[in-house]
Amino acid sequence: MKIKSLLAKPFAGYIYKQIKKGMETAVEDQQSTFNQLIKTAAKTEFGKEHGFADIKTYEDFVKQVPIRDYEAFKVYIERIKEGKHNVLWKGQPIYFAKTSGTTSGVKYIPISKDSIPNHINTARNALLCYMAETGNTKFADGKLIFLSGSPTLERVGGIPTGRLSGIVNHHVPKYLRANQLPSYTTNCIEEWEEKLDKIVEETINQNMTLISGIPPWMQMYFDRLQEKSGKKISELFPDFSVMVQGGVNFEPYKAKLFESIGKKIDCIELFPASEGFFAFQDSQNAEGLLLNTNSGIFYEFVPASEIFNDNLTRLSLKDVKVGENYALIINNNAGLWGYNIGDTVKFVSTNPYRLVVTGRTKHFISAFGEHVIGEEVEAALLKAAEEENVQVTEFTVAPMIADDAGKSFHEWFVEFEKQPADLSLFAKKVDDNLRAKNVYYDDLVGGNILQQLKISTIHKNGFIDYMKSIGKLGGQNKMPRLSNDRKIADELAEFIEN
C-alpha cells in the first residue's frame, strides 16, 4: 500500500464518523445554519431591504423574503458587478460561477469565501465516505481524471469568473495534484473536441483509477479511447475502480457506460451546482443521495406542482415527506435568498435525509394539461429498454400540437446505441409505461385527445452534432429531457435518421 492510500484510511474513518453523527442532527443543523445566515447578512443591502434584523423564525423569513429565480435576482448581481460591497453577503464574492440558463442567458452566481468550502469539502467527503465503507483506498495512488470546464478565469466587475468546474480546479488539494489529469494546459482548451483528443492522448497510457465527470462527457471520452485503442476501458485501465458522476440522472447512461468499460465498477453520484453542492452518495448500499445539511445552505422545499402559483407552500426540512416531488429552494452563505435553483427532488428517506433528483422545474410538458416531468419519461423509456434489450444514447421529448382534434402527440427524439427490433412495439411499450406513471397523460390518450407517442430516431452522434451546432458541446451543458415547445424539436429535424 502506498503512502496516499495508507494515510487516507484514518482520515476517511474520521470524516465518515462525523457525517454519520450529522445524520442524527440534520434538522438542528439546519436551524443553526438558518440563524447564522440571517445574523451574518442582517447588515447587507439585501438584509436591510428585507428586514433581517426582525426575523426570529422561519415563518418570519417566509413572510419577508419571496422566492426568486435568477431574473428577479439579477438587480443585486448587477450591483456587485458595479463594485459594490455588502450587497447579498458580507464583502464581495471571491468568484462568479458563470452558467448559461435557458431563459436568462448567462448567469453569474456568487461564490464567497464562506461558501467555497461547501464545493470543495463535499466532493472530498463523498470520496472519503466511499473509502470508509468499502475499504478501497488503492485508487488514491493512481491517476485521477476530472473532466471539467476550463480553469481559465476572466474578470467581471473585478471578480474572477468562470465555469464552476474550472473554479474548483484551482482548489484541488496539493496532495492530489500529482495524480490529477489532464494537464492544466489541456484543461484550458476551450474547444471541447480538441480538448477531448488531448485528454485521450495524455491518459491512454496512464494508470487511470478514478474518472469523474457528467455521464455524456464520460461516454464521449470512452468512445474516443475505444476508437483509438480498439480495447474496452477495463483493458486499457485495469485498475480503474471508481467512477464519479453527477449533473444529470445516471440511469439512462449507465448501461452503455458499463458496456464501454467492460465490467461493473463502483459509482459515486454527486449533486453539485453553481449555487452549491447539495448532496452526495454516502453509501454503496443505500438508495439516494445524502442531503448536505451542515454546509452553509438552508433548504426550503415547495411542492413541485405549486412552483408557478402565486401562493406557495414553503417547507423547511423537518416537514418534508418521502415520495413527494419538491422544487428545491436555497439560502446560502454566498448571499442567495429564497433562490429557486430550478431542480426538483424527491426524498427516498428522512432518517437520514436522502433524496433523488427528479428533473427541472422548467423542463416539463403540459401542452395539454398532462404535466409530464423528467423522472416519468426517463422511467418509461428505461423500463421499455430493459424489456426489449435496447440501449439508448440520448433522448429528448417535445409536444406536437396538431390543428385537428385527436391528432396531437408527444414526439420522442431518441438516439439508439442498440436499436429495438420493432420500433412501433417499442414506442407502444414506452407509451404504456408513461400512462402508468402519469394519470393525466393516461386520461388524454385514453380520451383520444392525444395519440400514442411517436419516436423519431436520431442518427449516430446526432445529439453531439446538435450540441455542436448550437455552440454548447462540452462545458456544463446538458440536453434537456423535456420541452414544452418545439424549439429544440425543430432544430433536431436535420439530425433525424432517414
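Residues numbered from 1 in each chain as written. Predicted model: local features only at pLDDT ≥ 70, side-chain atom pairs only at ≥ 80, totals over all residues. Heavy atoms only, no water.

Caption draft 1: Molecular detail of the overall build of the protein chain. Along the backbone of the protein chain there are 18 helices and 20 strands. Computed over its C-alpha atoms, the radius of gyration of the protein chain comes to 23 Å, within 12% of the 23 Å expected for a compact globule of 498 residues. Its C-alpha atoms put the protein chain at 60 × 60 × 45 Å along the principal axes. Every one of the 498 residues in the protein chain was classed for burial, and the buried ones make up 55%. Here the analysis covers contacts within the protein chain between residues at least 6 apart in sequence; of these, 66% occur between residues at least 24 apart. A total accessible area of about 21,700 Å² is found for the protein chain, and carbon and sulfur atoms account for 50% of it. For the protein chain, the separation between the mean place of its 59 positive charges and that of its 64 negative charges on side chains is 8 Å. (Helix = DSSP H or I, 4+ residues; strand = E, 2+ residues; numbered from the N terminus. Rg over C-alpha atoms; globule rule 2.2 N^0.38 Å. Buried < 20%, exposed > 50% of the residue type's maximum accessible area, 1.4 Å probe, protein only. Contact = heavy atoms within 4.5 Å. Areas by Shrake-Rupley, 256 points an atom, 1.4 Å probe, with all protein chains shown as cover. Lys, Arg positive; Asp, Glu negative; His and termini not counted. Charge placed at Lys NZ, Arg CZ, Asp CG, Glu CD.)

Caption draft 2: Representation of helix α2 (residues 26–41). With 16 residues, α2 ought to run about 22 Å at 1.5 Å a step, and its terminal C-alpha atoms sit 22 Å apart, in line with that. Three or more residues of α2 are buried, namely Ala-26, Asp-29, Gln-30, Thr-33, Phe-34, Leu-37, Ile-38 and Ala-41. End-on, the buried residues of α2 take up no more than an arc of 165°, which puts them together on one face. (Expected span 1.5 Å × (residues − 1). Arc of directions from axis to C-beta.)

Caption draft 3: Examining the pattern of salt bridges more closely. For the coordinates displayed, the defined rule picks out 27 salt bridges. In this structure, Lys-98 and Glu-154 form a salt bridge, with 2.8 Å as the shortest nitrogen-oxygen distance. Of this pair, Lys-98 sits in strand β1 (residues 95–101) while Glu-154 sits in strand β4 (residues 154–156), placing them 56 residues apart in sequence. Residue classification places Lys-98 among the partly exposed positions, given a relative accessible area of 25%. By relative accessible area, Glu-154 is classed as partly exposed at 36%. Here Arg-314 and Glu-300 are joined by a salt bridge, their closest N and O atoms 2.9 Å apart. With Arg-314 in the loop between β12 (297–303) and β13 (325–332) and Glu-300 in strand β12, the pair connects residues that are 14 residues apart, well separated along the chain. (Salt bridge = Lys/Arg side-chain N within 4 Å of Asp/Glu carboxyl O.)

Caption draft 4: Up close: the sheet that holds strand β7 (residues 208–213). Taken together, the eleven strands give an open sheet; going across it, the order is β6-β3-β7-β8-β9-β10-β11-β15-β14-β13-β12, and neighbouring strands pair in mixed fashion. Unpaired on one side and paired on the other, β6 (180–181) and β12 mark the two borders of the sheet. Pairing of strand β14 (residues 339–350) with strand β15 (residues 353–360) involves seven bridges; the strand directions are antiparallel. Across the sheet, the residue bridging to Lys-346 is Val-356, located in β15. (Pairing = 2+ DSSP bridges.)

Caption draft 5: Structural detail: the confidence of the model for the protein chain. With 96% of its residues at a pLDDT of 70 or more, the protein chain has an overall mean of 90. Across the protein chain, the element-wise mean pLDDT spans from 70 in helix α8 (residues 174–177) up to 98 in α2. (pLDDT = per-residue confidence, 0-100.)

Caption draft 6: Focus on the pairing of strand β3 (residues 143–146). Pairing of β3 with β7 involves four bridges; the strand directions are parallel. Paired with Leu-144 across the strands is Leu-210, a residue of β7. Strand direction decides the pairing type here: β3 and β6, joined by two bridges, are parallel. Across the sheet, Ile-145 pairs through a bridge with Leu-181, a residue of β6.

Caption draft 7: Structural view of the state of the cysteines. Across all of its chains, the model carries zero disulfides by this definition. With no disulfide of its own, Cys-129 lies closest to Cys-267 among cysteine sulfurs, the gap being 16 Å. Look at Cys-129 and you get buried, because its relative accessible area is 1%. (Disulfide = S-S within 2.5 Å.)

Caption draft 8: Representation of the side chain of Glu-376. Along the polypeptide, Glu-376 turns up in helix α14 (residues 374–388). Lys-437 provides the closest opposite charge to the buried, salt-bridge-free Glu-376, at an N-O distance of 7.5 Å. Every residue in contact with Glu-376, bar those within four places of it in the chain, is listed here: His-371, Leu-434, Lys-437 and Asn-438.

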